[in-house]
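Understanding the architecture of this molecule
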Amino acid sequence: MHCTRCDCQDPKYFVVIRGLTICRRCISYNGNEGNVLSVGNEIEIDLPFELTPSQQIASHRIADAAQKRDVLVKAVCGAGKTELVMETIRRFLTEGKTIGVAIARRQVVLQLSERFRQAFPGVQVSEVCEGHTKQLSGQLIVCTTHQLFRFPNAFDCLILDEPDAFPFKGNDVLHGFSRIACRGTFIYLSATPDRELLMKVKKNECELVAINQRPHGAALPVPHLVQMPKTFHRLILIAWMRRTRTPQLIFVPTIDQAERLAKFFRLKFVTSHSEDIEETLRQFTAGNLKRLICTTVLERGLTFAHVQVAVMSADHVVFDASSLTQISGRVGRSMDDPSGEVLFLFDAKTKGIRRCINDIKKANASA
Amino acid sequence: MHQRYQKGQRFCLICFDELSAGKSLVDLWLREDVICGKCRSRFHPFNRIAEVMGLKVYGLYHYDEMMSTMMHQYKECHDETLSQCFLFPQLKRLRKRYKGCTLVLVPSAIEKTEERGFHAVKTIFTELNLPILDCLSKDSDIKQSTSNPLVRHAIAAHLHLHSEDELIGKDVLLVDDVCTTGSTMKACAELILPYAASIQCLSVSIHPLLVKSKRFL
C-alpha cells in the first residue's frame, strides 16, 4: 500500500473514508481542488465464481505481456473476456497506474462498469458515455470509444473491446482518439479479429492469446440454417417461437423491419433510436418480457441468461461474419445452462453465413 | 463513516508523533486525547460565553492561526478524521452541560457539503450524541471571508427555515464551527426564536478580536 502522491508507505497515515483509502500525510497539499486522493493499495478481485485453470493461465499471460507490448485476446463469445483482463487491471491499479476500458456500445459501458464495481470493491469506477460525462476522474475509467477524446495521454494501458465492430472499425477519428489517449500498451479483446489485427500479430507487433473454450467447457452452439423463400419466414419464426423455450431474442437487420415485426407479433422492440432501451432491457433481464425484437444494437457485449436467438434475414448486408458470430455467441453464456438454440433464417446463403459457421466449427474443433 | 478514535491508537492525528509527546503527568494518566500534548497546546482554549451582537455564544477555542489551519485542512482538504480533535477532551463536560437539548446546525451550502461528502458541522457535533435537527438551509455559497461587512450582514436573506413544527417546545442548541462576526449565528437564532422554547449557542472557535471588544459574561 502506498500513496500515489507522496509515496508514503506507513499504514498509520491511511484512513478509510466511505470505502476510499486516503493518505493523511499529504492531505493538506490538496490546495483548492478539494479532491480526495486515493491510495494505490493492494487491490483484490472479488468474483462470485472461480476462474478455470485455463482462464487463470491466460489471464496471467495477458497481464505479463501487457506490461511490455500490445496484446490481442482472441476468445470465443462467452469465454469471459472481461474476467480475463481483471488480473491485468488489478496489477495496473496496484502500481498506481491508470487503466481505461473503451467499448463501442453505450449499453455495454453501463453493464460493464457495474460488473467492475462489484469485482473491485473500494476502487472508484467511472463510466463515461452519453449522459454520464460529469465525473471524468477515477481509478478505472470505462468509456465509449467516442469519449476517448476527453482523456489525452491518460492511460498506461487501454483495453479496447471489440475493435472490429461498428463504429470503431475503419473510423480514422476514433482510431486517432485511442492512439492519443493511450501512452502505454493496448489490449484488444475480440471474438472475431479483423485482418488488420491479425496482420499485427503476424508482424510480431502484438502478442496473441487465444481461448477457444467457454469456462463451462461446452461447445459453442452451432446455428441452425433454414433457407426458405421470404414468404415463409414469419411462419417458421412462429413455429420456432412456440417450440423453443423463452426468453427469446429476435434479431432483424433494419429498424424499419423491427417496427413492422413488432407490430405483427405485438412484441416490444429495441433499436438504437428507442428511448426506453434501459427500461426494456431491465424488464427483459428480470423475466417480465419473454420475447424481444432487436437490431444489431444488442449483438455484442451483453449477457442475458438462458436466452435463445433467432436471426431474420440473415443474408442482409448488415449481418457480416463477425456480426453473426457475435449474435450466436449470445446463447449459452451462463455456467449452469450452457445449451441453447440459434436459428438463421435467409433465402440466399451469403459469404458471411458460411464464414460464421466455419469459424464456430473450427473453434469447437480446436477447443 | 470514517474510522473513529480507537483505544489502541498510538499516534497524534495532526503531527503523527507519539500520542504521549509533550503531555503532563496528569494528562497522561487521566485525560485521553486523540492528539499529542504538543499539538493540543497549540490550540488556545477560550471556554467562556461571549456576547456577540447581543447573542450569548459559548466558544471553545480562539480562532487563531492554528485553528484556521486546522479548519482549512478539515473543511477544504476534506480531512474528515480531523473532526474528532476539536471536541474530544471536552466531550464529557459538553454532554453534561447540554443534556436534553436538540442540536440545530448552522447550514452550509448544499453544493459544498456534496463536494466534501460530509457535513462539516454535523460531523464534529455528532459525538455529543444529541438528536440532530437539520432544519436550516443556505441557498447559495457566498464566500464570507472575502466579502465586506455590509455583504456579510445580508446573509440572513440566504437562510431558510423549514419543518418549523418540529422545533416547537424544544431546547435548541445552535452549533457552528467558526464564529467570526456572529452575523450568521445571529440570523439563524432569529429564524428559530419564534418556535423554540430556548436557544443556546455553541461555537468551536470564536474570533479573538471580536471577543476582546465585548464584555465577557
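Procedures and definitions
- Residues numbered from 1 in each chain as written.
- Chains lettered and ligands numbered in written order.
- Predicted model: local features only at pLDDT ≥ 70, side-chain atom pairs only at ≥ 80, totals over all residues.
- Helix = DSSP H or I, 4+ residues; strand = E, 2+ residues; numbered from the N terminus.
- Buried ≥ 20, exposed ≤ 12 C-beta atoms within 10 Å, placed from the backbone.
- Contact = placed C-beta atoms within 7 Å.
- Pairing = 2+ DSSP bridges.
- Axes fitted to C-alpha atoms, helices over the stretch in contact; angles between N-to-C directions.
- Parallel < 35°, antiparallel > 145°, perpendicular 65-115°, else oblique.
- Left-handed = near helix turned anticlockwise from the far one by under 90°.
- Nonpolar A, V, L, I, M, F, W, Y, C, P; charged D, E, K, R; others polar.
- Core = buried A, V, L, I, M, F, W, Y, C linked by C-beta atoms within 7 Å.
- pLDDT = per-residue confidence, 0-100.

With that settled, the discussion passes to the overall build of chain B. Looking only at helices and strands, chain B features 10 helices and 8 strands. The buried share of chain B, taken over its 217 residues, is 35%. In chain B, the share of contacts with a sequence separation of at least 24, taken over all contacts with a separation of at least 6, comes to 71%.

Now for the overall build of chain A. When helices and strands are counted, chain A shows 11 helices and 17 strands. Scored against the burial criterion, the 367 residues of chain A give a buried share of 43%. Long-range contacts, defined as pairs at least 24 residues apart, comprise 74% of the intrachain contacts of chain A with a sequence gap of at least 6.

Moving on, we come to the sheet that holds strand S12 (residues 224-227) of chain A. All names here are of chain A. Spatially, the 6 strands line up as an open sheet ordered S12-S17-S16-S13-S15-S14, and their pairing is parallel. A single partner strand is all that each edge strand has here, and the edge strands are S12 and strand S14 (268-270). Between one strand axis and the next, the sheet turns through 20 degrees on average, direction left out of account.

Residue and element names in this part refer to chain A. Taking strand neighbours across the sheet as the criterion, the 7 strands line up as S7-S8-S6-S9-S10-S5-S11 in an open arrangement whose pairing is parallel. The outermost strands of the open sheet, each flanked by one partner alone, are strand S7 (125-128) and strand S11 (206-211). The average angle at which neighbouring strand axes cross in this sheet is 20 degrees, direction not considered. Bridge count between S7 and strand S8 (residues 140-144): 4 bridges; the pairing is parallel. Across the sheet, serine 126 pairs through a bridge with isoleucine 141, a residue of S8. Across the face of the sheet, helix H3 (residues 86-94) comes into contact with strand S6 (99-103), S8, strand S9 (155-161) and strand S10 (182-190) while running at roughly 140 degrees to S6.

In this section: the packing of helix H1 (residues 53-66) of chain A against H3(A). Residues and elements named next belong to chain A. Relative to each other, H1 and H3 sit at 40 degrees, their axes nearing to 8 Å. As the angle between them shows, H1 and H3 are arranged oblique. Note that H1 runs across H3; the crossing there is right-handed. For the pair H1 and H3, contact is made by Ser59, His60, Ile62, Ala63 and Ala66 and by Glu87, Thr88 and Arg91, respectively. A breakdown of the residues in the contact of H1 with H3 according to their chemical character gives 3 nonpolar, 3 polar and 2 charged.

So, about unusual backbone geometry. With an omega dihedral of 0 degrees, the bond running from A:Thr246 to A:Pro247 counts as a cis peptide bond. For A:Asn204, which is not glycine, the phi torsion reads 65 degrees and is therefore positive. Assignment of secondary structure puts A:Asn204 in the loop between helix H6 (195-202) and S11. Residue B:Phe16 is not a glycine yet carries a positive backbone phi of 60 degrees. Relative to the assigned elements, B:Phe16 resides in the segment before helix H1 (25-30).

Time to look at the interface of chain A and chain B. At the interface, 12 residues of chain A touch 13 residues of chain B. Class assignment for the residues of the side of chain A that touches chain B results in 6 nonpolar, 3 polar and 3 charged.

Within the largest apolar cluster, 91 residues are counted, with the highest numbers of intra-cluster contacts made by A:Ile62, A:Ile187 and A:Val311. If near-sequence neighbours (up to four positions away) are discounted, A:Ile62 is found in contact with A:Val71, A:Val73, A:Leu84, A:Val85, A:Thr88, A:Ile187 and A:Val209. Residues B:Ile14, B:Val172, B:Cys188 and B:Leu191 belong to the second largest nonpolar core, which totals 49 residues.

Our next topic: the confidence of the model for chain A. On average, chain A scores 84 in pLDDT, and the residues at 70 or more come to 94%. Across residues 31-37 of chain A the pLDDT falls below 50, and counting only partners more than four positions away or on other chains, this stretch makes 10 contacts in the model.

So, about helix H9 (residues 183-192) of chain B. Every buried residue belonging to H9(B) is among B:Thr184, B:Met185, B:Lys186, B:Cys188, B:Ala189 and B:Leu191, and all of these are buried. Summarising the contacts, the buried residues of H9(B) are in contact with strand S1 (45-52), strand S2 (55-62), strand S5 (136-138), strand S6 (159-161), strand S7 (171-179) and strand S8 (198-206) of chain B.

All names here are of chain A. At a minimum axis distance of 8 Å, the contact between helix H10 (residues 321-328) and helix H11 (residues 351-366) shows a crossing angle of 50 degrees. Relative to H11, the element H10 lies oblique. Between H10 and H11 lies a crossing of right-handed hand. Facing Ala321, Leu324, Thr325 and Ser328 of H10, the residues of H11 in contact are Gly352, Ile353, Arg355, Cys356, Asp359 and Ile360. For the contact of H10 with H11, the class distribution of residues is 5 nonpolar, 3 polar and 2 charged.

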